[in-house]
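Each chain, written out:
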Amino acid sequence: MAKKSFRRIIARRLVNVVLTIVGIMILNFALIHFMPGDPINEIFPRSAKFSDSMKDAFRDKFHLDESIPEQLGWYLYNTFTGQWGDSYVWNQPVLDLILLDLRWTMLLVGISTIFTILIGMAVGAYSAYRRGGVFDVGATSISLFFYGMPVFWLALILQLSFSTSEPFGMSWWPQLPPSGYYDTDRFGATFEWSLPVFLSVLKYMILPAMTLAVGTLAGVSLVMRSSLVDTMTEDYILTARAKGLTDYQVLRRHALPNGMPPMIALIAMDIAFIIGGAYQVEYVFNYPGIGYRTILAIEERDFPILQFIVVIGGVAVVIANFIADLVLVYIDPRIKIA
Amino acid sequence: MTDIATRRAFAAFAMASVLLMSAFVLIHAQPVGGQLSSPPFACHASFLAAEGDPVAEAGENITTYPNEHITLNGSGSTGFEGSANLNYTWKVKYQSVTRTLYGMMPTTVFNKSVTGTGVAEVNLTVTDSLNRTAWDTTLVFVVGRPPTWLQEHGLEVVGYGIIVAMLGTAGYVFGRRYLAGEALVSPAEKEKAHLALSRWGKIFRQLVRNPMGIIGVVILLFFVGMAVVGPMISGDVKTVQQGNDFLPPSPDHWLGTDNFGIDIFKELLYGARTSMVVGVFSAVIASFLGAAIGLYSGYAGGMKDEIVMRLNDVVLSIPWLVLMIIVAALLGEIDLTGIIIIIGLTGWSYTARMVRAQVLSVKERQYIERAKAIGASDLSIIRRHIFPNTFPLVFANTILTVAISILSEATLSFLGLRPEGEVTWGTMLSFASEASAFQIGLHWWILAPGLCIVVVVLGFTLLGYALDEILNPKLRHR
């Protein structure tokens, strides 16, 4: 019985996922489509050299002379058959470019996100466990302070405080590379894996990773703390203590499993944002990931890339939420019955 | 019209007026139309012709508006009497691109219509038959149109209209009661007002006793004061001051001057209002939309709920930052109102979800069933029972949304979506980072607006958390 309803829940959520993805694509299509201006005039300079027949040929090729529902049909058809178009600027398939960038984004954002989620959970759990203590007050106020900090601002501050030599006369102050992803002066512009290059990559990763870490850390530890505080004040925790369980056992067996749902949702979102790229950090540090590519594409009005990024960013969030839902259904018996 | 209806109308009017009045006060002193109101600088090149050389005279500098047709009447002469074989060449340099107009056409009249604001340099070169030349330059300042009467005084008209309407309504209500021989303020109204006052008083006392709450209140009082007074002290921060740019901090300019030659400290004062206005207004729009959508979908239920929630999923998962920058890039420029609308329209989905959940739980309570049984309409159930039960949550959430909206504005500005012709903390940061403020010694240009944002956001976050703790029944007992 329980198994059957589990399957039904999954089927329902799956339908929702597909609907949401189609919705994202329709919205993406609509917003770009209803903007003023004729795309043909954007492609061709205003010059008599380009005859009307050439323009008509382009209209025909891109189905611009058809009705809007037909165009939407073409857009959905092309998306689902994997024809995502070429970048205007690089003249390469959009997918290839994004996959190249995805490596660097995964390396930088992925690693720092996973580490900070773990550390943030530990900090949040310990603050909730010693609620009102020195550690809790300190950690919470520091988290709140960093939580409201614009990421790009923190990035600028870190970048500048580690790139000036001897700031405020501190000769021991470490110097870190302010931008780029490895030492192109020493190892050449074409990237090849080797140990020194790898070490250089790590060194260039420190500052952007630190910036990302601070923001995520604050968010994760605050949510972890508040959801644990919620469960720690429940009556069954008192019962567990009364049974004579140690603090650790109470935390591990009773508080943590019940405090997990908001955490799982948050972790899913954080992981989904890895795919979306960390625009601000990658932009400030010139780190060649998806976020940096997005900003470049915005500056160059490279619409195929932008549309693709909007869609994959949205799809990543949808899928991450779906997985989070599944995990929740799996760990929480109450959802299965309902 | 029953008496109850009149009173409600009065109360609604009074509330709406107070809200709009505060909005009015917030925006009122803000100058309308952020373009350059006067030519930023003037320059006129003229050359003394040596004897025998030709003479060129391109005409006086002129100031014009975009898309206006301009005509310059130039003149030229040779130094020698009788040798009239002159060739006139007009060149126009605009946005660092030089174009030769009327290349070989010998005419002394220059005709052109200009688009966009800026300075165009129009050059007239006169060549005589011996290939000797003389030239003269005149400047065409293309400035933003002055605001129309409606743009300049529209807000005042609305504000005074509200005051008049408010007084009129009050006069009407009290007049009717007076003529009917009733007491002007009924005992029930007194009691209600008393209860409401004591309730808010209680919430306020709890807030002040809460450590997070009191810090938040103090921070916000400071910045609200800055937002109200700041722009009055700062004066004009939008006119470019040529030759005054990138000055280091000094007693005249406490934090130095920026790339437009404008005092950074003054900009900081001025930006307090614009940044707060963006944050508060877009949060109000987002909360209003979210509450309306959440109430509707939670109360309607079934298929309608399903459709709204799918839409909500779409809105929640789209990377708005990217999408909004695309939209703005396509639209060209965007002003402060545009930014407010963008942030407001994209920020409702979280509130909608929360309100819907709360509505679902309130809907099942018994008094709703009883209200239905005595024949209350859906609208009155929502208004009298469901909305009052969700309002505290929406209120606390709005405060938190203000913090997020201020951050969004700063981020959008930094990534290139700046409100046209306005100064906010976000635009300051954006220009500062473009100009590498740290490298040129203007540390405060980046540090000050950033710190202001951090502290304001902290204030709103603390206040929001504290209010949530006080108003949210689920958290109250802890």
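Just so it is clear, the structure is predicted and the values come from calculations on it, not from any experiment. (Residues numbered from 1 in each chain as written. Chains lettered and ligands numbered in written order. Predicted model: local features only at pLDDT ≥ 70, side-chain atom pairs only at ≥ 80, totals over all residues.)

### What about the overall build of chain A?
Reasoning step 1: What chain A contains, in helices and strands, is 15 helices and zero strands.
Reasoning step 2: Out of the 338 residues in chain A, the part that is buried amounts to 34%.
Reasoning step 3: Contacts spanning at least 24 positions in sequence make up 72% of the contacts within chain A whose residues lie at least 6 apart. (Helix = DSSP H or I, 4+ residues; strand = E, 2+ residues; numbered from the N terminus. Buried ≥ 20, exposed ≤ 12 C-beta atoms within 10 Å, placed from the backbone. Contact = placed C-beta atoms within 7 Å.)

### Notes on the overall build of chain B
Reasoning step 1: In terms of helices and strands, chain B carries 14 helices and nine strands.
Reasoning step 2: Put simply, chain B has 478 residues, and 35% of those count as buried.
Reasoning step 3: Residue pairs at least 24 apart in sequence account for 72% of intrachain contacts in chain B once pairs closer than 6 positions are excluded.

### Examining the interface of chain A and chain B
Reasoning step 1: Between chain A and chain B, the contact holds 34 residues from the first and 35 residues from the second.
Reasoning step 2: The greatest single-element share of the side of chain A that touches chain B, amounting to eight residues, is contributed by helix H1 (residues 2-33) of chain A.
Reasoning step 3: In terms of residue class, the side of chain A that touches chain B is made up of 23 nonpolar, ten polar and one charged. (Nonpolar A, V, L, I, M, F, W, Y, C, P; charged D, E, K, R; others polar.)

### Observations regarding the nonpolar core
Reasoning step 1: Among the nonpolar cores identified, the biggest contains 158 residues, and A:Ala155, B:Ile406 and B:Phe460 are the most heavily contacted of them.
Reasoning step 2: In this structure B:Ile406 touches B:Ser275, B:Val278, B:Gly279, B:Ile453, B:Val456 and B:Val457, once residues within four positions along its chain are discounted.
Reasoning step 3: With 13 residues, the next largest nonpolar core counts B:Ala56, B:Ala58, B:Trp90 and B:Ala134 among its residues. (Core = buried A, V, L, I, M, F, W, Y, C linked by C-beta atoms within 7 Å.)

### Details of helix H10 (residues 366-373) of chain B
Side chains that are three or four residues apart share a direction in an α-helix, a result of its 3.6 residues per turn.
Reasoning step 1: Counted residue by residue, H10(B) has zero buried out of eight residues, so it is predominantly exposed.
Reasoning step 2: Following H10(B) by one or two positions, B:Gly375 has its phi on the positive side, about 90°.

### Some thoughts on the pairing of strand E9 (residues 133-142) of chain B
All names here are of chain B.
Reasoning step 1: The buried count for E9 comes to seven of ten residues, which makes it a mostly enclosed element.
Reasoning step 2: Bridge analysis of strand E2 (residues 62-64) against E9 gives three bridges, and the strand direction is parallel. Across the sheet, Ile62 pairs through a bridge with Val140, a residue of E9. (Pairing = 2+ DSSP bridges.)

### Regarding the packing of helix H5 (residues 264-300) of chain B against helix H11 (residues 378-414) of chain B
Residue and element names in this part refer to chain B.
Reasoning step 1: Where H5 meets H11, the closest approach of the two axes is 7 Å, and the angle between their N-to-C directions is 145°. For the crossing formed where H5 meets H11, the hand is right-handed. Note on element contacts: H11 touches H5 through Ile382, Ile386, Phe387, Val394, Asn397, Thr398, Thr401, Val402, Ser405, Ile406 and Glu409, opposite Ser275, Val278, Gly279, Val280, Ser282, Ala283, Val284, Ala286, Ser287, Ala291, Leu295 and Tyr299.
Reasoning step 2: For the contact of H5 with H11, the per-class residue count stands at 14 nonpolar, eight polar and one charged. (Axes fitted to C-alpha atoms, helices over the stretch in contact; angles between N-to-C directions. Left-handed = near helix turned anticlockwise from the far one by under 90°.)

### Observations concerning the environment of B:Trp200
All names here are of chain B.
Reasoning step 1: Relative to the elements of secondary structure, Trp200 occurs in helix H3 (residues 187-209).
Reasoning step 2: Accessibility expressed as a C-beta count within 10 Å gives 10 for Trp200, which makes it exposed.
Reasoning step 3: Taking C-alpha positions, Trp200 is 39 Å from Met324, a pair spaced 124 residues apart along the chain.

### A word on the packing of H5(B) against helix H6 (residues 302-317) of chain B
Residues and elements named next belong to chain B.
Reasoning step 1: Packing of H5 against H6 brings their axes to within 7 Å, and their N-to-C directions diverge by 145°. Every residue of H6 that contacts H5 at Ile293, Tyr296, Ser297, Gly298 and Ala300 is listed here: Gly302, Lys304, Asp305, Val308 and Met309.
Reasoning step 2: In terms of residue class, the contact of H5 with H6 is built from five nonpolar, three polar and two charged.

### Some thoughts on the confidence of the model for chain B
All names here are of chain B.
Reasoning step 1: Per-chain confidence: chain B averages 76 in pLDDT, with 75% of residues scoring 70 or above.
Reasoning step 2: For chain B, per-element mean pLDDT is lowest for strand E6 (residues 97-101), which scores 56, and highest for H5, which scores 90.
Reasoning step 3: Below a pLDDT of 50 lies the segment residues 28-50, which in the model reaches 45 contacts outside its immediate sequence neighbourhood of four places, other chains included.
Reasoning step 4: Here the predicted complex carries an ipTM of 0.82, next to a pTM of 0.74. (pLDDT = per-residue confidence, 0-100.)

### Here's the deal with the environment of B:Gly290
Reasoning step 1: Counting through the fold element by element, B:Gly290 comes out in helix H5.
Reasoning step 2: Each C-alpha atom of the pair B:Gly290 and B:Ala437 lies 40 Å from the other, and the pair is 147 residues apart in sequence.

### A closer look at the environment of A:Ser194
All names here are of chain A.
Reasoning step 1: Within the element layout of this structure, Ser194 appears in the loop between helix H8 (184-187) and helix H9 (195-232).
Reasoning step 2: Take Ser194: there are 9 C-beta atoms within 10 Å of it, and that puts it in the exposed class.
Reasoning step 3: It is 48 Å that separates the C-alpha atoms of Ser194 and Arg12, two residues lying 182 residues apart in sequence.

### Focus: helix H7 (residues 151-163) of chain A
Reasoning step 1: In a regular helix each residue adds 1.5 Å, so 13 residues correspond to 18 Å; H7(A) covers 18 Å between its end C-alpha atoms and thus fits that length.
Reasoning step 2: Every buried residue of H7(A) is accounted for by A:Val151, A:Phe152, A:Trp153, A:Leu154, A:Ala155, A:Leu156, A:Leu158 and A:Gln159.
Reasoning step 3: Of the surrounding elements, those touching the buried residues of H7(A) are H9 and helix H12 (279-284) of chain A together with H11, helix H12 (425-434) and helix H13 (443-471) of chain B. (Expected span 1.5 Å × (residues − 1).)

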